[in-house]
Amino acid sequence: MTPRGPLLRRLRLWLLPVPGQAPALAALVAVLAAALVSAPLFLGAAEEGAWVTERARADERALGATLETTTVSRAPAPSLARIARAGELDEEVTAAVAAAGLPAPQLQVRLRQPLLAETSAGTAGLELLSRTGWQEQVTFTAGGPGDGVAVPGRLAEATGVGPGGVLAATSALGLPVSLPVTGVYEEPVAPLPDYWAEQASLFLPRERLTGPPVPRAAVLLAPRDAVLATTLEVEEDLYLQWRVPVPAGVGTDGARDVLGRFDALRDSLAAPGSPVARLAAIEDVARPAPRTALGDALAAVDETVALLRAPVRAVGAGAGGAALVLVGAWAGHRVRRRDDELRLLLARGGSPARAALQTVREALLPVLAGTAAGAALGWLLVRQAGPSPRSPVGTLPPAAVALGAGALAALVVVAGTTAVLVARLDRGGRPAPVRLPWLPVTAAATAVVAVPVLAGQAGGLGVLPLLLPLPVAAVAAGLLAAALPRLGRGAGRRLPPAVFLALRRVVAGSGAGRLVVVTTALSLALVVHAATLADSTAATMDAKSAVASGAATVVPLLRRVDEPGPLPPGTALVSVQAGVTLSPGEVGADLLALDPDEAAGVLRWDDALADAPVADLLAALSGYRGDRVPVLLAGPLPDDALGVPGTEVVLDRARAYSLPLEVVGRVAAFPGQPSRTPLVVADREAVAAVLAAAGRDLDLALDRQVWSGTPPGQLLGELEAGGHAFDPDAVTTADAFPARPEALAQAWSLGYLRAVGLAAGALGLLGVVLHALAQQRRRRVAAVLLARAGLHRRSADTAVALETGLLAGLGAAVAVAVALPASALVVRLLDPDPALLPGPALTVPGGTLAAVVAGVLVVACAAGLLAGRARRTADAGQVVRGAP
């Protein structure tokens, strides 16, 4: 029996005869695997992140399914039989929901007409309401829930009826009913809890400009059966509503499953033979059908992922291709280091194919280890820095396929490179790299990439904008490296020995030095390009978000029909009018009238919109003391469009009114500007005064909007309580614009590009250090001779550091010089909404540029230290004896 130790040693020698070469290959394959696996994982994380974003900004009630019906039919009067079957209808709907595999619905039952009761203050209205779970959503001051009704404290005081008593009431038809009271509760007040937010019209008193608030009817809370029994007694119709929520914490897979169940519920309720459809047909009432916005939310998620797919895959494939090139370089380096061994094998009858198979055998373990490490690294990076830590179930198969393809590609590249170079050895040549006219080829590729971008035909974040700086950087770096010998003629005389030695090595223009300059320029150009695009897009997105919504919440009010109450605190009332005309010049524009002091507290402002602070702009409006209307002009309005300076500017509205204007400021755009049409921002009080002098009412002449710095949940209830009419579907919020699929896709794809760019930059700088160490091994004899000639050890280390720093610095300089102008060309194509001001703005990533400079310095110092360490540990006598 073979001992275990020798067996493992033989296996190790068979698989890894030279263990020192394995870590480099494993590291390169790890980079390859991380790049390839991160693309599908990132797309999956983006799908989850888009769903989380959509759910966060959407109304949960709208995402869930809502079913509604009523006992009202085409019959002229209520039917006791029809009302009596409301309970049966509820049970059938609940059963259908359960059969669809959905959570139990929340039921709400409400009388069509309020009841009436006599109180100490006169006749009061009573709203009889039942909602699932209401018992846990109120605070009882006396008694508690039961089979009767719970009354609010103010009604208990006005009627003198408390727990154990009976409240006498009548219907709108005069039918009496006795309601047993089981408890007294505190009415919810503003801000209403989420559970009661939908019932703001019932609980919040209606405010008015003059006089006391208009009280709401008292809400009687009761169990479902109590409401149904009361309905039969007073012969009053019902409104029934069921809400089926989307379970908390579900991902996109769960949301799609819920949507499918909603569809199945709709089909089951619509089936002619279903109990619900049969009841609705018999009683001639509306058949309840689920209504949900979940499909629209998932459609937005799919659109976001579709926009992300092409750029993310392009970046991942590009990074994987670069890693494969480095794997090929490793294979070539292995052949050159084992030149004598391979020649001996060929002399003994070996073949290039056999050498390739042997290389694959030795590379198998490093490739597997690197693949596993890269998979873990890619998963960890996406989980920690991606759009979401979760991914749909369908993400894993494509990630596994990409991982396997990457490992197989690495082995194929290793085998192919080895076979080609060994075949050259077999013909008696040395495995020198094949000379290809890469500079003209790259220049041609650059023209192909750059022409569509320069012509503005590569709109959006496609492959061409992502690739633009890379071929340009390669060509520029190649030209610079090729010109170094000519540029450096005669340079270096009278310099210190270390500087002279470093400079002469750099300007010698060796193939390895040129390769370092080109690869460094490529990797750092991607770093600068990605950072510039990401920072510029983020700045543009912030500015557009401020313009898209004037405040955190904007509520357009409907035309006034009566005197509404005051606005909630912390809000601003603005007046808007589209389609006005500025004279002279007959320039079409929009009008926005606001109170500068009110707007200052709610306005969403971005400093990129104007050269002056917003406080100064608003002060120019409020501080005007002339007899005209002070205005700010926003948007693309030429300076001479309104005549020469001093010309009187007038705003007209189709002969309805005319405003004399005084322009007190100019801005690129202003919050609330709906399009690129110029916007006139005026002092609302001044506009109202001019219109009042002409016999016009500002609130009737212009549309009104309420701007608030708070989310819409509480604001809408307060506006409704104040008597302000609005369309909930017309409400806009500040988070709507950045949550658009095109905006999310652009931000996330650039974030992914930045992460890949940082990895490429780190890998490129690491390659510079490895190049320095490889050069040090090649120059061992020269180092010994220079030391014996009197070159100090510190000078030798400094020479290596300076040489490495100069090569990396040249690459970095080319990268910055190429990436910034190329990014400026690309940025103008990355506008998620060209119809909205302002346009894309270029932001120079100062932090990234500083990091690039710091990286070059670190690489130079590390190369000097490591080269010095290698020199000190080498045996000078052995080095000289081993020299050819």
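Bear in mind the structure is a predicted one, so any value in this text is a computation, not a measurement.

1. Thoughts on the overall build of the chain
A tally of helices and strands in the chain yields 29 helices and 19 strands. Within the chain, the proportion of its 884 residues that are buried is 46%. When the accessible area of the chain is evaluated, it comes to approximately 40,600 Å², of which 61% is carbon and sulfur surface.

2. Overview of a nonpolar patch on the surface
Judged by side-chain polarity, Leu-364, Leu-365 and Leu-368 come together as a nonpolar surface patch covering roughly 240 Å² of accessible area. Here Leu-365 lies in helix 13 (residues 352-385). On the basis of relative accessibility, which here comes to 39%, the residue Leu-365 falls in the partly exposed class.

3. What about the pairing of strand 1 (residues 65-70)?
By the criterion of burial, strand 1 is predominantly enclosed, with 5 of the 6 residues buried. Strand direction decides the pairing type here: strand 1 and strand 10 (residues 238-244), joined by 6 bridges, are antiparallel. Note on strand 10: the bridge partner recorded for Glu-68 is Gln-241.

4. Here's the deal with the pattern of salt bridges
Using the criterion set out here, one finds 21 salt bridges in the structure. For Asp-302, the salt bridge identified is with Arg-256, shortest N-O distance 2.6 Å. Placement of the pair is Asp-302 in helix 11 (residues 294-337) and Arg-256 in helix 9 (residues 252-270), with a sequence separation of 46 residues. Overall, Asp-302 belongs to the partly exposed group, its relative accessible area being 36%.

5. Looking at the packing of aromatic side chains
Within the structure shown, the criterion is met by 5 aromatic pairs. A centroid spacing of 6.3 Å and a plane angle of 55° characterise the contact between Trp-134 and Phe-140, whose relative ring orientation is tilted. For Trp-134, a relative accessible area of 1% gives the class buried. An aromatic cluster of three or more residues is present, and its members are Tyr-195, Trp-196 and Phe-203.

6. Considering the packing of helix 2 (residues 22-57) against helix 11
Taken N-terminus to C-terminus, the directions of helix 2 and helix 11 make an angle of 175°; their axes are 8 Å apart at the nearest point. The orientation of helix 2 relative to helix 11 falls into the category roughly antiparallel. Along the lines of polarity and charge, the residues of the contact of helix 2 with helix 11 split into 28 nonpolar, 3 polar and 4 charged.

7. Description of unusual backbone geometry
The omega torsion of the bond from Ser-583 to Pro-584 falls at 0°, within 30 degrees of zero and hence cis. Here Pro-584 lies in the loop between strand 12 (571-583) and strand 13 (587-594). Residues other than glycine seldom take positive phi values, yet Glu-235 does so here, at roughly 55°. Structurally, Glu-235 can be placed in the loop between helix 8 (224-234) and strand 10. The exposure class assigned to Glu-235 is partly exposed, which follows from its relative accessible area of 34%. Unlike most non-glycine residues, Glu-586 shows phi in positive territory, near 50°.

8. Considering the nonpolar core
Residues Trp-51, Leu-126, Val-151, Leu-167, Leu-220 and Leu-294 are the most contacted members of the largest nonpolar core, which totals 80 residues. Of all the elements, helix 11 adds the most residues to this core, at 8 residues. When residues no more than four places from it in sequence are discounted, the contact partners of Leu-126 are Pro-114, Leu-115, Leu-116, Ala-117, Leu-155, Leu-167, Ala-169, Ala-217, Ala-218 and Leu-220. Within the second largest apolar cluster, 32 residues are counted, among which are Ala-551, Leu-592, Leu-609 and Val-681.

9. So, the side chain of Thr-553
Here Thr-553 is to be found in strand 11 (residues 553-557). Taking the relative accessible area as the measure of exposure, Thr-553 reaches 0% and is therefore buried. Contacts of Thr-553, omitting those with residues within four sequence positions, involve Val-706, Trp-707, Ser-708, Thr-710, Pro-711, Pro-712, Leu-715, Val-731, Thr-732 and Thr-733.

10. Quick notes on the confidence of the model for the chain
Caution is warranted with low-pLDDT regions, since their predicted coordinates should not be read in detail. Per-residue pLDDT for the chain averages 82, and the proportion of residues at 70 or more is 82%. Within the model, pLDDT remains below 50 along residues 874-884, and this stretch shows 7 contacts once partners closer than five positions in the same chain are excluded.

11. Regarding the packing of helix 2 against helix 9
Between helix 2 and helix 9, the least distance of the axes is 9 Å, while the angle of their chain directions is 60°. Here helix 2 is positioned oblique relative to helix 9, judged by the angle of their axes. Side by side, helix 2 and helix 9 meet where Glu-47, Glu-48 and Trp-51 of the first sit next to Thr-252, Asp-253, Ala-255 and Arg-256 of the second. Split into classes, the residues belonging to the contact of helix 2 with helix 9 amount to 2 nonpolar, 1 polar and 4 charged.

The rules behind these values
Residues numbered from 1 in each chain as written. Predicted model: local features only at pLDDT ≥ 70, side-chain atom pairs only at ≥ 80, totals over all residues. Heavy atoms only, no water. Helix = DSSP H or I, 4+ residues; strand = E, 2+ residues; numbered from the N terminus. Buried < 20%, exposed > 50% of the residue type's maximum accessible area, 1.4 Å probe, protein only. Areas by Shrake-Rupley, 256 points an atom, 1.4 Å probe, with all protein chains shown as cover. Patch = residues over 30% accessible without salt bridge, like charges linked within 9 Å, V, L, I, M, F, W, Y side chains within 5 Å. Salt bridge = Lys/Arg side-chain N within 4 Å of Asp/Glu carboxyl O. Pairing = 2+ DSSP bridges. Phe/Tyr/Trp six-rings, centres within 6.5 Å; stacked < 30°, edge-to-face > 60°. Axes fitted to C-alpha atoms, helices over the stretch in contact; angles between N-to-C directions. Parallel < 35°, antiparallel > 145°, perpendicular 65-115°, else oblique. Nonpolar A, V, L, I, M, F, W, Y, C, P; charged D, E, K, R; others polar. Core = buried A, V, L, I, M, F, W, Y, C linked by side-chain atoms within 4.5 Å. Contact = heavy atoms within 4.5 Å. pLDDT = per-residue confidence, 0-100.

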